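Structural features, examined
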Amino acid sequence: MLRVALGTLRLRWVSFLGTVVALVLAVGQLTALGVVLMTAAEPPERPPHRFARAPAVVLPADPRWDSAQHDLGVRSPAAARGLSPRLIRDVSATGTTVVDRAFYAQLADGGTKKQVGHPWPVAEFGGYALRDGRAPRAGDEIVVPSGRARTGESVTVLTAADGPGRYTVVGTVAPVGWEDAVFFSAQEAEQLSPRVDALVALGPVERVRAAVPDTAEVLTGADRHRADAEAANDREALDNTLTLLPVMAAVAGTTAVFVVASTFAFAVVQRRREIALLRTVGATGRQVRRMVRVEALLVGALSSAGGGVLGLLGTRSLTGLLVGMDIAPPWFAVEISARPGVLAPLGAAVLTGLLVALCGAVAAARRASRVRPVEALREGTAEDTAVTPGRAALGVVGLVGGAGTACWIGLAAPRTVLSPTAYVVSLLVPVVAVAALAPLLVGPVVRVLMWPLRRLPGAAALVVRQSALTSRRRTAATAAPVLLTVGLALSLLTATDSLGAARDAGFRAGVGAPYAVVPDGTPGFGPSVAERVARVAGVRVAAPVLTTVYFPDGDGRLEENDGLAVAPDALRRSTRLEVVHGSLDDLDERSMAVAARWGMEVGDRVRTRLADGREVTLRVAATYAALPGEDVAYLPERFAGTGLFARDGLVRRAALSLAPGTDRPAALARVRAVLAGSGARLTTRDGLVAAEAAQARRLTETRQRSTAVIVVLFCFVAILNTLLMATADRRRDLAVLGLTGATPRQVLHFFVAEALLVTAVGVTLALLAAGVNILGLGAALHQLFGTAPVVVPWAAVGAVTAASAFLAVLGTVVPVASALRRRAA
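Residues numbered from 1 in each chain as written. Predicted model: local features only at pLDDT ≥ 70, side-chain atom pairs only at ≥ 80, totals over all residues. Heavy atoms only, no water.

Section: the sheet that holds strand β2 (residues 97-100)
- The sheet built from 4 strands is open, its strands ordered β2-β10-β1-β11 with antiparallel pairing. Two strands in the sheet have a free side with no partner beyond their single neighbour: β2 and β11 (216-219). Taken pair by pair, the neighbouring strands of this sheet meet at an average axis angle of 25 degrees, ignoring direction.
- Sheet topology note: the β2/strand β10 (residues 198-201) ladder contains 4 bridges and is antiparallel. Residue pairing in the sheet places Thr-97 in a bridge with Ala-201 of β10.
- Running over the sheet, helix α4 (residues 85-92) touches β1 (56-60), β2, β10 and β11 and is turned about 10 degrees from β10. (Pairing = 2+ DSSP bridges. Helix = DSSP H or I, 4+ residues; strand = E, 2+ residues; numbered from the N terminus. Axes fitted to C-alpha atoms, helices over the stretch in contact; angles between N-to-C directions. Contact = heavy atoms within 4.5 Å.)

Structure representation (structure tokens):
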């Protein structure tokens, strides 16, 4: 049977073309995704930068704090508080020490790149050296990278503590690629940032370690990179990569498995008469099954090997795509070498390709072994349109499971739609299930689609209709890639746009002020900027400062939550909170309002640790229904200073309203004048909503749209190669149409019409499958956001559908035109 299988592959290579292409692409995708995923999970060791010339660095540490279990950007209580004065004194006893503080400091005209402030004494440990000028000594002197400003120039620097301030540039240093720093005198840096982030210890390392308690750690060697600010940014970027790639691999892999299995089964169906001839000359059913399995093994081995090579070559392109979408950090790169991080995913992808080919051949081999020898004597073949019990059971179970999952998400677990990792995979189930049941659904769908055309003159519509109905397995096999393409694109893009629209509507409903002050090319602005705006006659400002609060969770640990420090009257005036219990009128300097989902009751007195290390007891004055991702604790304004410890002490946005009787144009003009050069600007409520929406949507849209792009591109290729494979094998149909008197143009029109009908069948089934997902999505959004409409991006879905139709027609026209030219010759 090996010789027969090899001969079959050589002579009927067109029948296996679709399987080969699908397998090569599938294994290539899985290889590239796996290699990149392994590299992201174990990134290469990066050298230290900020403390590259320091023998040892002391950092705050909390042995019970696992950063992987907490939100990105949230400091542990120890890191927020910084190094204590007592620890600094103890380490100073071992030798010379240099204090480092890292805080927000940005030149007003320094562009949009984030800048950071440091005390000048720590500069030498990062390799900085003066190009000209001298070190800063007075409070109004700074040193900047060359190109930012010239020595002797007076510039405005934006900070969180003092807001915009005028400083004189007394020196410049060579710029570096890992940070954009502004250096102050040690005394000025202490005024701007009370937290001590790190301590350079120049004494003997062993003595330093002995002097450091378990609330801090001593870093040496390559570990010093953990003290770099970019280490946290790298973690955030790599976490995004580790979250996205498994979703992409799961969706692309599942799609590929189905396409490969369906294509291989269709290739066997095309050779039904050949198999009948083998049975006629004495081949047993067991031998036929063995032949099909050997063919699958040969095709799988060849395709998987090619896919593995393609995947290794494509890792650079995939990495560039991830970096370009800001999912991976700019330094992220994959080195192709004989190491476990490359060989393991490569081997797994190749093995998966072999298993997919063999599993796809199991049902086809069983069906081939049942072909009767008498079928070899027939001039026409009546195709077996039945669906195997296994495929039917898989389709029914998948459809019921998909519908049940959609109901469960919509009614019991609506927050699942906020997790792309889980939700994207659930969207795949109904689409694949309907694709599995396609041979059963093709008949009714074709009859419904062709019903309006039944009165057209001529026999063209009837011939197209009957051709599709008498070859349902072929129609289902060629419609399946269209179904997967349109169904997944519709489900993914609708979920993305609907979730974004629901967030926008919820945020807009919660904003009570008609105007807002927002950052202008900066991460935020200092509270002093809001204070200046509030001094404008008739202007009311609510400028909450983002901080962190830590609550005991009952197990002796601390649970962190975001907090906003704002005056109670400003909160009531600027925000429309849906209060569940209590009242915002009861807020005072010793109380707070929290999200109802936190489980606290009105009147509870909660022991709270603040970011600067203080512990206070706050009474719960009100609980409110928080939108997903908007649950924060509203704290008294007196805690605004803790923002310098928790984050950067900046105001992310401030609500602005006007007192009754205020001259609106004059007041807004004065506000704009105050904001000039402050790193903030005035906008309307709609402008605020649009800006917040763009920021909130970025990561979700990137994840879901990138997954959709990969799947759609794969399915596009599947559409093209499946139609090419199916049409190239229809020489008998071409001959029959020619014998009936059809001209070459009429023959071409017939096949184009059939391709469009197949596309319409796939789109109809896609709408059916996506409808299950959309119903669950609508119910989940209603639970989360109230009246939230489902937004279907018809333009994008229409473009995908049009591209699918074009590829289907192209895959039909090319082999038919080639066959017609050969016949004419």
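So, the pairing of strand β4 (residues 116-119)
- Judged by which residues are buried, β4 turns out to be covered on both faces: Val-116 and His-118 on one side and Gly-117 and Pro-119 on the other are all buried.
- In terms of strand pairing, strand β3 (residues 103-107) meets β4 through 2 bridges, oriented antiparallel. Note on β4: the bridge partner recorded for Tyr-104 is Val-116.
- Here 4 bridges tie β4 to strand β9 (residues 181-184), and the two strands are oriented parallel to one another. In the strand pairing of β9, Pro-119 is matched with Phe-184. (Buried < 20%, exposed > 50% of the residue type's maximum accessible area, 1.4 Å probe, protein only.)

With respect to the pairing of β1
- A large share of β1 lies buried, amounting to 5 of its 5 residues.
- Neither face of β1 is left uncovered, since the one carrying Ala-56, Val-58 and Pro-60 and the one carrying Val-57 and Leu-59 both have all their residues buried.
- Looking at chain direction, β1 and β10 are connected through 3 bridges and run antiparallel. Note that in β10 the partner of Ala-56 across the bridge is Ala-201.
- Relative to β11, β1 is paired through 4 bridges, and the arrangement is antiparallel. Across the sheet, the residue bridging to Val-58 is Val-218, located in β11.

Thoughts on the pattern of salt bridges
- Per the counting criterion, the structure on display carries 14 salt bridges.
- The salt bridge involving Arg-647 is made with Asp-562; its shortest N-O contact spans 2.8 Å. In this pair, Arg-647 is assigned in the loop between α18 (643-646) and β21 (654-658) and Asp-562 in strand β15 (residues 558-565), connecting sequence segments 85 residues apart.
- A relative accessible area of 18% means that Arg-647 is categorised as buried.
- Accessibility expressed as a relative area gives 28% for Asp-562, which makes it partly exposed.
- For Asp-648, the salt bridge identified is with Arg-652, shortest N-O distance 2.8 Å.
- Exposure remark for Arg-652: the relative accessible area of 31% places this residue in the partly exposed category.
- Three or more residues are tied together by salt bridges with common partners; here these are Arg-607, Arg-609 and Glu-615. (Salt bridge = Lys/Arg side-chain N within 4 Å of Asp/Glu carboxyl O.)

Re the sheet that holds strand β13 (residues 539-542)
- The 4 strands are arranged β13-β21-β12-β22 in an open sheet whose pairing can be described as antiparallel. At either end of the open sheet lies a strand with only one pairing partner, and these are β13 and β22 (680-684). Taking each pair of neighbouring strands and ignoring which way they run, the sheet shows an average axis angle of 30 degrees.
- Against the sheet, helix α16 (residues 527-534) contacts β13 and β21, and its axis sits at roughly 160 degrees relative to β13.
- Each of β12 (515-519), β13, β21 and β22 is contacted by helix α19 (residues 664-675), which is oriented at about 150 degrees to β22, the strand it contacts most.

Focus: the packing of helix α13 (residues 438-450) against helix α15 (residues 472-510)
- Interhelical geometry of α13 versus α15 gives an angle of 95 degrees and a closest axis separation of 9 Å. On the basis of their axis angle, the class for α13 and α15 is roughly perpendicular. Counted together, Ala-438, Pro-439, Val-442, Gly-443 and Arg-447 of α13 and Arg-472, Thr-475 and Ala-476 of α15 form the full contact between these two elements.
- Per-class residue counts for the contact of α13 with α15 are 4 nonpolar, 2 polar and 2 charged. (Parallel < 35°, antiparallel > 145°, perpendicular 65-115°, else oblique. Nonpolar A, V, L, I, M, F, W, Y, C, P; charged D, E, K, R; others polar.)

So, a nonpolar patch on the surface
- On the surface, Phe-806, Leu-810 and Val-814 cluster together to form a nonpolar patch covering roughly 280 Å² of accessible area.
- Mapped onto the elements, Phe-806 comes out in helix α23 (residues 794-824). (Patch = residues over 30% accessible without salt bridge, like charges linked within 9 Å, V, L, I, M, F, W, Y side chains within 5 Å. Areas by Shrake-Rupley, 256 points an atom, 1.4 Å probe, with all protein chains shown as cover.)

What about α13?
- Between its first and last C-alpha, α13 extends 17 Å over 13 residues, near the 18 Å set by a 1.5 Å rise per residue.
- Of all the bends in α13, the greatest, near 25 degrees, is centred on Pro-444. (Expected span 1.5 Å × (residues − 1). Bend = angle between axes of the 7 residues up to and from the residue.)

Quick notes on the packing of α15 against helix α22 (residues 744-785)
- The contact between α15 and α22 brings their axes to 7 Å, and the two run at 30 degrees. In terms of axis orientation, α15 runs roughly parallel to α22. At the point where α15 passes α22, the crossing takes the right-handed sense.
- In the contact of α15 with α22, the residues fall into 19 nonpolar, 9 polar and 3 charged. (Left-handed = near helix turned anticlockwise from the far one by under 90°.)

What about the packing of aromatic side chains?
- On inspection of all chains with the given rule, the structure shows 8 aromatic pairs.
- Note on Phe-750 and Phe-751: the rings are 5.2 Å apart at their centroids and 80 degrees apart in plane angle, and the pair reads as edge-to-face. Each member of the pair Phe-750 and Phe-751 is classed as buried.
- Connected via pairs of aromatic rings, a cluster forms that spans Trp-120, Tyr-128, Trp-178 and Phe-183. (Phe/Tyr/Trp six-rings, centres within 6.5 Å; stacked < 30°, edge-to-face > 60°.)

Remarks on α4
- Regarding α4, the residues found buried are Leu-87, Ile-88 and Val-91. Relative to the axis of α4, the buried residues are bounded by an arc of 100 degrees and lie together on one face. Exposed and oriented more than 90 degrees from the buried face of α4 are Pro-85, Arg-86 and Arg-89.
- For α4, the elements touching its buried residues are β1, β2, β10, α6 (205-211) and β11. (Arc of directions from axis to C-beta.)

Remarks on the nonpolar core
- With 39 residues, the main nonpolar core has Val-446, Leu-757, Val-761 and Leu-765 as its most contacted residues.
- Elements with a minimum of two residues in this core: α12 (420-436), α13, α14 (460-470), α15, α22 and α23.
- Among the elements that make up this core, the one with the highest residue count is α22 (12 residues).
- Contacts of Leu-765, omitting those with residues within four sequence positions, involve Val-434, Ala-438, Leu-441, Val-445 and Leu-483. (Core = buried A, V, L, I, M, F, W, Y, C linked by side-chain atoms within 4.5 Å.)

As for the environment of Ala-621
- Within the secondary structure, Ala-621 is located in strand β19 (residues 615-624).
- Among the residues examined, Ala-621 registers a relative accessible area of 1% and is labelled buried.
- A C-alpha to C-alpha distance of 5.9 Å links Ala-621 and Ser-591, two positions 30 residues apart in sequence.

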